[in-house]
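Listed here are the chains, written in short residue letters.
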Amino acid sequence: MITILAGGTGSVKLIRGLSKLSEDMTIISNVGDNIWLYGLYVCPDIDTILYGLAGVLDERRGWGIKGDSFECLAQLKKLGAPAWFSLGDRDIATHLLRTSMIKSGKSLLEVTTLMRDRYSIAAKVIPAADSEVTTRIMTGRGEMHLQEFWVKYRGTPKVTGVRYDGADKAVANQDVIVAIRNSDAVIVAPANPVSSIGPIIALADLRQELMQNREKVIAVSPLIGGKAFNGPAVKYMKALGLESSPVGVAQYYRDFVGKFVISRGDHRFASRIEALNMRVYETNITMKGKQDEVRLAGDILNRIKK
Ligand code: FO1
């Protein structure tokens with residue numbers, strides 16, 4: 001049994017690869033980028049994982065449903081509503097169902113499990129917490145929701161800090177704790193450490209459980225050299241005073257990660273990561289197509305067995 005800590009776009013490739021090789025898989029999804037829009041509860045990372053595993057993800061964008069239309073959004077624009085977040089028409093069905101179930105008393109986990117069943121997804125998908133934990137970005141233009149920073153302002157404002165609103169009061173889903181405890185390995189996906197993994201490890205009980213299982217936690221670097229595969233990882237890392245390299249990511253994870261996977265071309269960083277009491281594995285961590293996803297997943301599973 002394996003457990004994966006995951007964000008959205010960056011994580012889904014490895015998750016898909018692992019799903020082809022492992023039958024017993026639990027995915028712990030980030031909830032920090034969830035946002036309320038037009039009265040709807042939108043959970044981008046949960047949806048990207050579900051759509052990715054169901055084979056309906058828009059691969060070009062890395063989010064939303066492939067072939068979706070945006071008629072509702074166009075109409076909202078006509079009515080003068082703020083329309084900076086592109087919700088597709090079919091995607092809106094997910095948010096409508098989720099919001100109505102939550103309003104009638106269901107938990108985010110119950111809603112996610114229903115969606116997973118409807119898509120016949122074998123892997124368990126568990127939101128890190130049922131209560132709201134929201135990633136807020138401190139910028140030169142003031143504090144804002146992560147989606148406002150990334151989508152509305154296109155990631156341009158200067159970032160001075162990041163905080164996870166609600167994390168101090170939130171408790172992790174119990175299924176998450178049990179999954180970490182019972183898994184043969186816990187994989188930290190190559191996701192943005194600050195905005196995708198950060199909100200998950202900000203939950204004190206979850207972090208504690210990971211720390212107690214450090215030897216079986218294996219993280220895949222989301223950076224090659226000083227560059228992230230996509231998104232603003234480097235910008236957030238710099239704001240937190242972290243070195244923008246695989247070493248900076250390893251330092252951020254040092255309390256709860258025992259094994260760290262880096263690109264073969266990043267061999268020069270290996271000794272500094274080993275000095276954090278981590279075992280370092282070097283391989284090709286680029287995933288350009290479905291074959292790459294399965295290759296990297298296989299590589300990681302082989303390392304776990306050793
Ligand atoms: N990202 C964008 O850059 N622009 C969008 O308009 C946008 C809409 C959107 C709608 C649904 C959804 O699930 C994700 C969406 N994303 C969009 C992606 C999202 O902002 C982030 O990339 C994730 O939250 C990070 O994992």
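Details of the structure are given in the entry above.
Residues numbered from 1 in each chain as written. Predicted model: local features only at pLDDT ≥ 70, side-chain atom pairs only at ≥ 80, totals over all residues. Heavy atoms only, no water.

### A word on the sheet that holds strand 5 (residues 124–127)
Okay, so step 1: Taken together, seven strands build an open sheet; the order of strands is 5-2-1-9-10-13-14 and the sheet is parallel. The two strands at the open ends of the sheet, each matched to only one other strand, are strand 5 and strand 14 (279–283). Neighbour-to-neighbour, the strand axes of this sheet turn through a mean angle of 20°, independent of strand direction.
Okay, so step 2: With four bridges connecting them, strand 2 (residues 25–29) and strand 5 associate as parallel partners. From the neighbouring strand, serine 29 faces strand 5, where its bridge partner is proline 127.
Okay, so step 3: In the packing of helix 1 (residues 9–21) onto the sheet, contacts are made with strand 1 (2–6), strand 2, strand 9 (185–188) and strand 10 (217–220), and the angle to strand 1 comes to roughly 165°. (Pairing = 2+ DSSP bridges. Helix = DSSP H or I, 4+ residues; strand = E, 2+ residues; numbered from the N terminus. Axes fitted to C-alpha atoms, helices over the stretch in contact; angles between N-to-C directions. Contact = heavy atoms within 4.5 Å.)

### Some remarks on helix 9 (residues 204–212)
Okay, so step 1: Taken residue by residue, helix 9 has Leu206, Glu209 and Leu210 as its buried positions. Buried positions in helix 9, seen along its axis, are confined to an arc of 100° and lie on one side of it. Exposed residues pointing more than 90 degrees away from the buried face of helix 9 are listed as Ala204 and Gln212. (Buried < 20%, exposed > 50% of the residue type's maximum accessible area, 1.4 Å probe, protein only. Arc of directions from axis to C-beta.)

### Focus: the layout of surface pockets
Okay, so step 1: Here the largest pocket is characterised by a volume of approximately 960 Å³.
Okay, so step 2: Residue lining of the largest pocket: 47 residues in total, with Thr9, Asp45, Gly62, Trp63 and Trp150 positioned closest to the centre.
Okay, so step 3: At the level of secondary structure, the elements contributing two or more residues to the lining of the largest pocket comprise helix 1, helix 2 (44–54), helix 6 (146–152), helix 8 (193–201) and helix 10 (233–239).
Okay, so step 4: Broken down by element, the lining of the largest pocket gets its largest block of residues, six residues, from helix 1.
Okay, so step 5: Looking at side-chain class alone, the lining of the largest pocket contains 20 nonpolar, 16 polar and 11 charged residues.
Okay, so step 6: Considered as a void within the structure, the second largest pocket measures approximately 170 Å³ in volume.
Okay, so step 7: Lining the second largest pocket, in full, are Thr9, Gly10, Lys13, Pro190, Phe229, Asn230, Ile285, Thr286, Met287 and Lys288.
Okay, so step 8: Looking at the lining of the second largest pocket residue by residue, the class counts come to four nonpolar, four polar and two charged. (1 Å grid on protein atoms, 1.4 Å probe; cavity = no way out; pocket = protein on both sides within 12 Å on 5 of 7 lines; lining within 4 Å. Points joined across faces, edges and corners; volume = space filled by probe spheres on them. Nonpolar A, V, L, I, M, F, W, Y, C, P; charged D, E, K, R; others polar.)

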